[in-house]
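# Analysis of the macromolecular model
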Amino acid sequence: MTEPPAPPPPVDGLLAAGRRNARVLAHAVSHPSHAPTPLFADAPKRWQRLLPYAVVVGLVAVFLPVTHAVLTNDYGVSGGLAGAIAVAQTVPLLMIAHRPLQAWWIILPADVAGGLFAVNGPGTQAPWPWTPPVMVAYLFLLFALALRETRRTLVGVWLVTGAAGLVLGRFFSEESGGTHALLVVLSAVVLVIGGALRERGEAQRRLVEQETISEEERSRRTLLEERTRIARELHDVVAHHMSVITVQADSAPYRVEGLPPQAREEFASIAASARESLTEMRRLLSVLRSEDATGERAPQPGLDRLQQLVEATVRAGVPAELSLTSGLAEPGRLPQTVDLSAYRIVQEALANVVRHAPGATTRVSVSCDGADLTVLVVNGPPCGPTSPVEASGAGGHGLVGMRERVRLTGGTLDTGPLPDGGFRVAARLPLGTKEPASP
């Protein structure tokens, strides 16, 4: 049996980890982590989107002549060379609004080259290796970089900046004025502040995205719950019709004399199919009903109970009036689906008035022109403070429930605020057979 290989010495493990981290940092500083989109690209106003460009143009306009003047006056660099160095050190600042890392690739070597050309200045006591304009412009660059790049990239940039200043200071120790150490400290502060602002902005964006997703999920769940509740209510309506078909098919051979055997068998088949459909509907209802839901034993309401609903609303503190076309409240006058939907729409509308416009004068009108049933609920502005109390019982989910019930009957719904601060709900429900509208 062979022995397992001995673990590598700790020193080798540290060296391997160091090389691995160095490769990671090198990749970070050489590959931008974001697309070249400008800062504030998603801002709602145009001036906010243009602000970064105005800032970078202002930076170049300020630092280009200042850098040229400092190099020529304080460091004795010739005019042409000073101009070339100033351009290389400042013009790339135009890129920091959308490509800050690429700008850093150009500006840092230009700053190092500028320090090398300025090292032989005639006995000057000016700071070296970094001139004052270079330090200030470089801090602006790092701040823009911190707003866009990851922590790993910022650490790599900071290490490279410190290493460049340290190397220049070691090779030209007599000329070094300690500005490399000052830039290391200031750059660390700027990178920490910019990185914190970037991470805070990203956290806020993720929070907004999560809230948007949660709101969409909540709306979808509300819609599904409302559709399930409507389906449970329609079960009674459909079950009634299927029961009538079953009874008629079973009793037809006894009510109609002289039926041939084929007709008797047909009626028996119709009755069996109806009973099977009722059984399947009960199974469907058991699927739609949640675990904590209880069966509704009371009959489904209709327009015959509309007067009681309005009176209950009046007792709740809302002065409501009802206008109902004569004969609409009679049982069997309307299709059961339309009758139930009209009642629920009025119920939801009145519940919204109680919840959102307490004390508002409300008018309920239900009319029929022979082809359509029109339901209109109009309330005035609220007369008191709104209450956070939610509607209970069959109140449902307000406008969501109204839209679903109108869609079920193939009708139309029009809701919206009024100029005086009130609200209007207008529904048209066809009385004839019509396919439901698509969701």
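A quick note: this is a predicted structure, and the numbers were derived from the prediction, not measured.

Under the defined criterion, the tally for this structure stands at two cavities of 30 Å³ or more. Per element, the largest residue contribution to the lining of the largest cavity is four residues, and it comes from helix H5 (residues 132–146). Split into classes, the residues belonging to the lining of the largest cavity amount to five nonpolar, three polar and one charged. Looking at the second largest cavity, its volume works out to about 30 Å³. Around the second largest cavity, the lining residues are Leu71, Gln89, Asp111, Gly114, Gly115, Pro129, Thr131 and Val134. Residue classes in the lining of the second largest cavity are distributed as three nonpolar, four polar and one charged.

Let us look at the side chain of threonine 246. Counting through the fold element by element, threonine 246 comes out in helix H7 (residues 179–255). For threonine 246, a relative accessible area of 8% gives the class buried.

Our focus in this paragraph is the layout of surface pockets. As a volume, the largest pocket reaches approximately 830 Å³. Sorting the residues of the lining of the largest pocket by element identifies helix H2 (46–74), H5 and H7 as the ones contributing at least two each. Its residues assigned to classes, the lining of the largest pocket shows 18 nonpolar, four polar and five charged.

Further remarks concern the sheet that holds strand S2 (residues 362–368). Strand order in the open sheet made by the five strands is S1-S2-S3-S5-S4, with mixed pairing throughout. Here the strands that pair on one side only, and so sit at the sheet edges, are strand S1 (320–324) and strand S4 (412–417). Averaged over all adjacent pairs, the angle separating strand axes in this sheet is 5°, with direction ignored. Note that S1 and S2 share five bridges and pair parallel. Each bridged residue has a counterpart across the sheet, and for alanine 320 the counterpart in S2 is threonine 362. Each of S1 and S2 is contacted by helix H9 (residues 306–315), which is oriented at about 165° to S1, the strand it contacts most.

Moving on, we get to the nonpolar core. The biggest cluster of nonpolar side chains holds 40 residues, and the ones touching the most others in it are Leu93, Ile96, Trp104, Tyr138, Leu141, Leu142 and Val157. Going through the elements one at a time, H2, helix H3 (79–90), helix H4 (100–118), H5, helix H6 (151–171) and H7 are the ones with two or more residues in this core. Among the elements that take part in this core, H5 stands out by supplying ten residues, more than any other. Excluding anything up to four places from it in sequence, tyrosine 138 contacts Trp104, Ile107, Leu108, Asp111, Val157, Thr161 and Leu183.

A side chain with one charge can pair with a side chain of the opposite charge if their charged atoms come near. This model, assessed by the stated rule, comprises eight salt bridges. Glutamate 202 serves as the salt-bridge partner of arginine 198, at 3.2 Å between the closest nitrogen and oxygen. On the criterion of helical spacing, the pair formed by arginine 198 and glutamate 202 is a turn pair, its members being four residues apart in helix H7. Overall, the relative accessible area of 8% leaves arginine 198 in the buried class. On the basis of relative accessible area, glutamate 202 is assigned to the partly exposed category, the value being 27%. The closest approach of N and O atoms between aspartate 250 and arginine 275, which form a salt bridge, is 2.7 Å. In this pair, aspartate 250 is assigned in helix H7 and arginine 275 in helix H8 (residues 261–288), connecting sequence segments 25 residues apart. A residue is classified by how much of its surface remains accessible, and aspartate 250, at 35% relative accessible area, is partly exposed. Assessed through its relative accessible area of 40%, arginine 275 is described here as partly exposed. Salt bridges here are not isolated pairs; linked through shared partners, they connect Arg151, Arg198, Glu199 and Glu202.

Reading the values: the criteria
- Residues numbered from 1 in each chain as written.
- Predicted model: local features only at pLDDT ≥ 70, side-chain atom pairs only at ≥ 80, totals over all residues.
- Heavy atoms only, no water.
- 1 Å grid on protein atoms, 1.4 Å probe; cavity = no way out; pocket = protein on both sides within 12 Å on 5 of 7 lines; lining within 4 Å.
- Points joined across faces, edges and corners; volume = space filled by probe spheres on them.
- Helix = DSSP H or I, 4+ residues; strand = E, 2+ residues; numbered from the N terminus.
- Nonpolar A, V, L, I, M, F, W, Y, C, P; charged D, E, K, R; others polar.
- Buried < 20%, exposed > 50% of the residue type's maximum accessible area, 1.4 Å probe, protein only.
- Pairing = 2+ DSSP bridges.
- Axes fitted to C-alpha atoms, helices over the stretch in contact; angles between N-to-C directions.
- Contact = heavy atoms within 4.5 Å.
- Core = buried A, V, L, I, M, F, W, Y, C linked by side-chain atoms within 4.5 Å.
- Salt bridge = Lys/Arg side-chain N within 4 Å of Asp/Glu carboxyl O.

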